[in-house]
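Single-letter residue listing:
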Amino acid sequence: MAVNLKTLAHNENLLTGGHRACAGCTGANILRQLMLTAGPDTVVGSATGCMEVVTTIFPYTAWKTSFIHSAFENSAATVSGVETAYRALKKRGELPVEREKINFIAIGGDGGTYDIGLQSLSGAMERGHNMLYVCYDNEAYMNTGIQRSGATPLGAHTSTAPAGTVKQGKEQNRKDLTSIMVAHNIPYVAQTTPYHWRDLATKVEKALAVDGPAFINILMPCPVGWHFDTAIGQDLAREAVESNFWPLFEVEDGVYKVNHKPKDPTPMTVWMEKQGRFKHLFRPGNEHLLEASQQWVDLQWKRLLRLEESTNG
Amino acid sequence: MSFLPNSQLHTGGIIREAGNAFDYKTGDWRTFVPEFIEDNCIHCMFCWIYCPDDAIAIDTSGPKPVMKGIIDGHCKGCGICAHECPPAKKGKSALVMVREEK
């Protein structure tokens, strides 16, 4: 079904204002967009992280749906348990209220997904629960003070991989979690950003429609951790896609589809120079790091195009 | 809602009133506030979809949603709406950030 803002605007908003996310937080926007499509018959479980903390500061909750928080490492395990309980109750005919369909969504940040929650996520996906896992990837542990994570890109300044006279930010490339999830052979894996609202809504719709586990990785520009003006968060999401750093693609039953191929990809430096976390890379002597980032992104993009070609052939 | 007394809290950290954060006002965080210029608005809903705080008031009673202005109590003044406003690219923005002075 074609998604447009007129129809989306008529959907119920399930994440109220009054949550304590920072000004210009694109993560809260991701959740709003996610819930506009998912609808009220949804159970949400979230790992510890920015979005869990800001939306449910006791005794307030910004969620109008059921919301569960258990721990940092097990949002996928918690939601898979809820889904199993639901199936068991349904089979026995013990559900108090019959619903047509209930969506089960687990949410985690990049810390709770790439690093800490990876094994419970992997388990839940392998067991084939009918659930959707959404990772909002802000590329570091923003909630606890911008520590590096498996998702932090090469050269980014974080509090545990700082840029100084000896080292120049993180020394490793980021982990490709989306590919790890593709390797689980689950029915639906996708990558998107909040700027591309149509893409995001379509992907959430598809992910909830499949019978089995689905995974969506969403890039979330963070004004605090990435050091940029609060107004340009959505712009940075767009530029990440235009520079091929964060390609929009989906994998349905192992078949890749790249949703947007920039005709003339912008250099990585255009995206990087707007962010304070890469400021030191523009100093003399660090040109090789800019080059290395560009080379890595080019290689990943080439790999993605080949995968699309080979799985569609 | 102000802070609850202990006697009214539920065991296990359960919050029974869904969406009660709506009563918590975050509007006093901001320095700048978007000013809505209705004549320039094309009701495209971009500000509404990109707002992190659901602080854009829209009227959805008709077939086409209509932008109504800013929800003062929740807007944190990030400026995403004014930045993403499509008429702004033609120099006729429907949302302009102004310094809030009282």
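Quick note: structure is the one above.
Treat the numbers as computed from the prediction; the structure is a model and nothing was measured.

Reading guide: rules and limits
Residues numbered from 1 in each chain as written. Chains lettered and ligands numbered in written order. Predicted model: local features only at pLDDT ≥ 70, side-chain atom pairs only at ≥ 80, totals over all residues. Heavy atoms only, no water. Salt bridge = Lys/Arg side-chain N within 4 Å of Asp/Glu carboxyl O. Helix = DSSP H or I, 4+ residues; strand = E, 2+ residues; numbered from the N terminus. Buried < 20%, exposed > 50% of the residue type's maximum accessible area, 1.4 Å probe, protein only. Core = buried A, V, L, I, M, F, W, Y, C linked by side-chain atoms within 4.5 Å. 1 Å grid on protein atoms, 1.4 Å probe; cavity = no way out; pocket = protein on both sides within 12 Å on 5 of 7 lines; lining within 4 Å. Points joined across faces, edges and corners; volume = space filled by probe spheres on them. Contact = heavy atoms within 4.5 Å. Buried area = accessible area lost by both parts, 1.4 Å probe. Polar contact = N/O pair within 3.5 Å; in protein donor to acceptor, adjacent residues only side chain to side chain. Nonpolar A, V, L, I, M, F, W, Y, C, P; charged D, E, K, R; others polar.

A closer look at the pattern of salt bridges
Residue and element names in this part refer to chain A.
Okay, step 1: Scanning the entire structure with this criterion turns up 19 salt bridges over all chains.
Okay, step 2: Between Asp-176 and Arg-303 there is a salt bridge, and its shortest N-O distance comes to 3.6 Å. Of the two residues, Asp-176 is situated in the loop between β4 (132–137) and α7 (177–182) and Arg-303 in helix α12 (residues 287–312); the sequence distance between them amounts to 127 residues.
Okay, step 3: The partly exposed category is assigned to Asp-176, whose relative accessible area is 29%.
Okay, step 4: Note that Arg-238 and Glu-239 form a salt bridge whose closest N and O atoms lie 3.9 Å from each other.
Okay, step 5: A residue is classified by how much of its surface remains accessible, and Glu-239, at 10% relative accessible area, is buried.
Okay, step 6: Put simply, Asp-137, Glu-139, Arg-174 and Arg-277 are held in one network by salt bridges that share partners.

Side note on the nonpolar core
Okay, step 1: Core analysis: the biggest nonpolar cluster contains 82 residues, and Leu34(A), Ile107(A), Leu132(A), Phe215(A) and Trp271(A) have the highest contact counts within it.
Okay, step 2: Membership of the second largest hydrophobic core comes to 25 residues, among which are Leu8(A), Cys51(B), Cys78(B) and Ala82(B).

Quick word on unusual backbone geometry
Residue and element names in this part refer to chain A.
Okay, step 1: Residues Phe-58 and Pro-59 are joined by a peptide bond in cis, for which omega reads 0 degrees.
Okay, step 2: For Ile-146, which is not glycine, the phi torsion reads 60 degrees and is therefore positive.
Okay, step 3: In this structure, Ile-146 sits in the loop between β4 and α7.

Quick word on empty space enclosed by the protein
Residue and element names in this part refer to chain A.
Okay, step 1: Inspection of the entire model under this criterion finds 7 cavities of 30 Å³ or more.
Okay, step 2: Looking at the largest cavity, its volume works out to about 240 Å³.
Okay, step 3: Forming the walls of the largest cavity are 22 residues, and the residues nearest its centre are Asp-176, Gln-191, Pro-247, Phe-249 and Gln-300.
Okay, step 4: If you list the elements that add at least two residues to the lining of the largest cavity, you get α7 and α12.

Points about the interface of chain A and chain B
Okay, step 1: On the chain B side, the residues contacting the 37 residues of chain A number 39 residues.
Okay, step 2: Buried surface at the junction of chain A and chain B, summed over both partners, amounts to about 3,300 Å²; 64% is from carbon and sulfur atoms.
Okay, step 3: Of all residues in chain A, Arg32(A), Phe58(A) and Tyr60(A) bury the most surface against chain B, accounting for 20% of the area lost on that side.
Okay, step 4: The interface formed by chain A and chain B includes 1 salt bridge.
Okay, step 5: Across the pair Arg32(A) and Asp54(B) runs a salt bridge whose closest N-O atoms are separated by 3.7 Å.
Okay, step 6: Joining chain A to chain B, the criterion identifies 21 residue pairs in polar contact (both at pLDDT 80 or more).
Okay, step 7: The set of elements that each furnish at least two residues to the side of chain A that touches chain B consists of α1 (5–9), α2 (26–38) and α10 (233–242) of chain A.
Okay, step 8: Among the elements that take part in the side of chain A that touches chain B, α2(A) stands out by supplying 5 residues, more than any other.
Okay, step 9: Among the residues making up the side of chain A that touches chain B, the classes are represented as 20 nonpolar, 12 polar and 5 charged.

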